[in-house]
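Observations on the three-dimensional arrangement
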Amino acid sequence: MDDLFSLRDKVAVVTGGAGLLGKQFCAALASYGARVAAIDLLSVQKGPFPERWETLTASGQIRLFRTDITQREDLERCLAEIQQMWGVPEILINNAAIDSPPDAPAEENGPFETYPEKSLDRVLAVNVKGTWIACQVFGGAMAVAGRGSIINIASTYGLVSPNQDIYEYKRRAGQEWYKPAAYATTKSAVLNLTRYLSTYWAKKGVRVNTLTPAGIYVSQDKEFLEEYTKRIPVGRMAESHEMNGAVVFLASNASSYMTGSNLVVDGGWTAW
Ligand SMILES: NC(=O)c1ccc[n+]([C@@H]2O[C@H](COP(=O)([O-])OP(=O)(O)OC[C@H]3O[C@@H](n4cnc5c(N)ncnc54)[C@H](O)[C@@H]3O)[C@@H](O)[C@H]2O)c1
């Protein structure tokens, strides 16, 4: 039982590893013994930092690779480097994704009818195509090696629609503001890519599951927090470390009979 959650000697890849949840996932996997390749466009990392981040990066147990997941050749180069350094990865967390940031052009958070095609292409390229290519490159190598666990990060907004009533306060203040459909569309796509690959690689020993988080607290504005938290059964947003248990579970032998599933960690958001 002691070793049920152990990731000792396993090699993990976390895309978007410099981001809010990505850093948490890297530190959690490393704390359970894995060597972790954090893949991200960014090299400069901003906080908040997980516990032991400094130690784990300084010791080389977590290594950052500046790579764009939408570029197949870059990911192939990255795989070759990781393989040479540590061996074939056994864990892949497809965590990198983009949404419309608060400073996005107004039309990205405007009505569905006028959402820009260019923005749709960008969101699809990272969230769907990037995840897809990472599965081909890293998942393909895992299937050849005959073992692996892939965890695709979705969102409650891939299961249910964003509740646009949350943003009524913005519209009352004169902004025509809607949570865009592009992000939600990509997160639903991730759920079925999981199901497809879980059956496709089942006999090859590669498990594929989705982890579905709800909103993470990062000092959002007061009105948003009020509107969001009154709609969530537990009455608060998640802290960034609160997905770590699910990630370690899905990565480890503790979930050895689980594939094609979706683990929802959402404070009850989708329960009512
Ligand atoms: N934060 C939330 O409230 C929340 C809620 C539900 C689901 N999620 C999901 O969790 C995951 C992580 O979210 P986060 O809040 O940590 O986001 P984040 O923006 O903090 O991190 C995402 C990281 O991905 C990287 N990235 C973007 N495009 C890339 C590319 N082409 N190649 C390589 N790296 C790239 C970014 O540089 C960034 O570091 C995402 O899949 C997101 O959809 C987040």
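Bear in mind that the values here come from a model prediction, so they are computed numbers and not experimental data.

Quick look at the site of the ligand
- In the vicinity of the ligand lie 25 residues, with L21, D40, N95, Y183 and K187 positioned nearest.
- In this structure, D68 approaches the ligand through a side-chain N or O atom, which is 2.8 Å from a nitrogen atom.
- Contact with the protein chains hides 83% of the accessible area of the ligand, taken as 820 Å² for the molecule alone.
- Along the lines of polarity and charge, the residues of the shell around the ligand split into 16 nonpolar, six polar and three charged.

Focus on the sheet that holds strand β1 (residues 11-15)
- One open sheet holds the seven strands; their spatial order is β3-β2-β1-β4-β5-β6-β7, and the pairing between them is parallel. Each edge of the open sheet carries a strand with a single partner, namely β3 (62-66) and β7 (262-265). Between one strand axis and the next, the sheet turns by 20 degrees as a mean value, whatever way the strands run.
- Looking at chain direction, β1 and strand β4 (residues 91-94) are connected through three bridges and run parallel. Directly across from V13, in β4, lies its bridge partner L92.
- Contacting β1, β2 (35-40) and β3, helix α3 (residues 72-86) runs over the sheet at an angle of about 155 degrees to β3.

Describing the environment of N209
- Along the chain, N209 turns up in strand β6 (residues 206-213).
- Along the primary structure N209 and N152 are separated by 57 residues, whereas in three dimensions their C-alpha atoms are 6.3 Å apart.
- Not counting the four nearest positions on each side in its chain, N209 is found in contact with I150, I151, N152, T194, L250, M258, T259, G260 and S261.
- A distance of 3.0 Å separates a polar atom in the side chain of N209 from the backbone oxygen of M258.
- A distance of 3.3 Å separates a polar side-chain atom of N209 from the backbone nitrogen of G260.

Definitions and cut-offs
Residues numbered from 1 in each chain as written. Predicted model: local features only at pLDDT ≥ 70, side-chain atom pairs only at ≥ 80, totals over all residues. Heavy atoms only, no water. Near = heavy atom within 4 Å. Polar contact = N/O pair within 3.5 Å; in protein donor to acceptor, adjacent residues only side chain to side chain. Areas by Shrake-Rupley, 256 points an atom, 1.4 Å probe, with all protein chains shown as cover. Nonpolar A, V, L, I, M, F, W, Y, C, P; charged D, E, K, R; others polar. Pairing = 2+ DSSP bridges. Helix = DSSP H or I, 4+ residues; strand = E, 2+ residues; numbered from the N terminus. Axes fitted to C-alpha atoms, helices over the stretch in contact; angles between N-to-C directions. Contact = heavy atoms within 4.5 Å.

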